[in-house]
Amino acid sequence: RLLRVHVLLSADPKRSDAVIRALRGLDEVRGVYAISGAFDYLAFVEGETTEAIDRVLDAIGALPGVEKTQSSLVLSVKFDRH
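In this report, we go over the structure that sits alongside the text. (Residues numbered from 1 in each chain as written. Predicted model: local features only at pLDDT ≥ 70, side-chain atom pairs only at ≥ 80, totals over all residues. Heavy atoms only, no water.)

1. A word on the overall build of the chain
Then step 1. Looking only at helices and strands, the chain has two helices and four strands in total.
Then step 2. For the chain, the C-alpha radius of gyration of 12 Å lies close to 12 Å, the compact-globule estimate for 82 residues.
Then step 3. In terms of its C-alpha atoms, the chain occupies a principal-axis envelope of roughly 35 × 25 × 20 Å.
Then step 4. Of all 82 residues assigned to the chain, the portion counted as buried reaches 28%.
Then step 5. The contacts of the chain with a sequence gap of at least 6 include a subset with a gap of at least 24, amounting to 70%.
Then step 6. Of the accessible surface of the chain, which amounts to about 5900 Å², a share of 49% is contributed by carbon and sulfur atoms.
Then step 7. Of note, the chain has its 11 positive side-chain charges centred 5 Å away from the centre of its 12 negative side-chain charges. (Helix = DSSP H or I, 4+ residues; strand = E, 2+ residues; numbered from the N terminus. Rg over C-alpha atoms; globule rule 2.2 N^0.38 Å. Buried < 20%, exposed > 50% of the residue type's maximum accessible area, 1.4 Å probe, protein only. Contact = heavy atoms within 4.5 Å. Areas by Shrake-Rupley, 256 points an atom, 1.4 Å probe, with all protein chains shown as cover. Lys, Arg positive; Asp, Glu negative; His and termini not counted. Charge placed at Lys NZ, Arg CZ, Asp CG, Glu CD.)

2. Focus: helix 1 (residues 16–24)
Then step 1. Buried residues of helix 1: S16, V19 and L23, and no others. End-on view of helix 1: buried residues confined to an arc of 60°, all on one side of the axis. Residues of helix 1 that are exposed and point more than 90 degrees away from the buried face comprise D17, R21 and R24. (Arc of directions from axis to C-beta.)

3. Describing helix 2 (residues 50–61)
Then step 1. For helix 2, with twelve residues, the first-to-last C-alpha span of 16 Å sits near the 16 Å given by 1.5 Å per residue.
Then step 2. Turning to helix 2, its buried residues number three or more, namely A52, I53, V56 and I60. Seen from one end, helix 2 has its buried residues packed into an arc of 100°, which puts them on one side. Exposed side chains of helix 2 directed beyond 90 degrees from the buried face belong to T50, R55 and D58.
Then step 3. Contact partners of the buried residues in helix 2: strand 1 (3–11), helix 1, strand 2 (29–34), strand 3 (41–47) and strand 4 (66–73). (Expected span 1.5 Å × (residues − 1).)

4. Side note on the pairing of strand 1
Then step 1. Judged from the seven bridges that link them, strand 1 and strand 3 form a sheet pairing that is antiparallel. If you follow L9 over to strand 3, its bridge partner there is Y41. (Pairing = 2+ DSSP bridges.)

5. Let's talk about the sheet that holds strand 1
Then step 1. Pairing within the open sheet is antiparallel, and its four strands lie in the order 2-3-1-4. Taken across any chain shown, the strands that pair with only one partner, and hence form the sheet edges, are strand 2 and strand 4. Taking the axes of each pair of neighbouring strands and ignoring which way they run, one obtains an average angle of 20° across the sheet.
Then step 2. Sheet analysis places strand 2 next to strand 3, joined by five bridges and oriented antiparallel. Following the sheet pairing, V29 is matched in strand 3 by V45.
Then step 3. Contacts from helix 2 reach strand 1, strand 2, strand 3 and strand 4 within the one sheet, and its direction differs from that of strand 1 by about 10°. (Axes fitted to C-alpha atoms, helices over the stretch in contact; angles between N-to-C directions.)

Shown next as structure tokens:
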């Protein structure tokens with residue numbers, strides 16, 4: 001069963017397109033959404049182990065143009081309409 005993580009990202013506006021392209025290149029990133037509020041994007045990440053998730057989070061944080069991230073591991077799904 002896959003672990004799911006929601007990752008909030010702040011990006012340098014001048015590098016946003018490059019950040020999105022780089023995120024698209026990471027297979028574990030299942031979707032990216034532009035959002036309002038303190039962060040610019042919400043990324044959905046899936047992985048088989050906490051180690052795999054940790055590697056992806058490190059890769060995201062190291063992307064040029066990513067200024068800040070905050071991640072939350074989904075512990076359980078109460079309901080999902082998708």
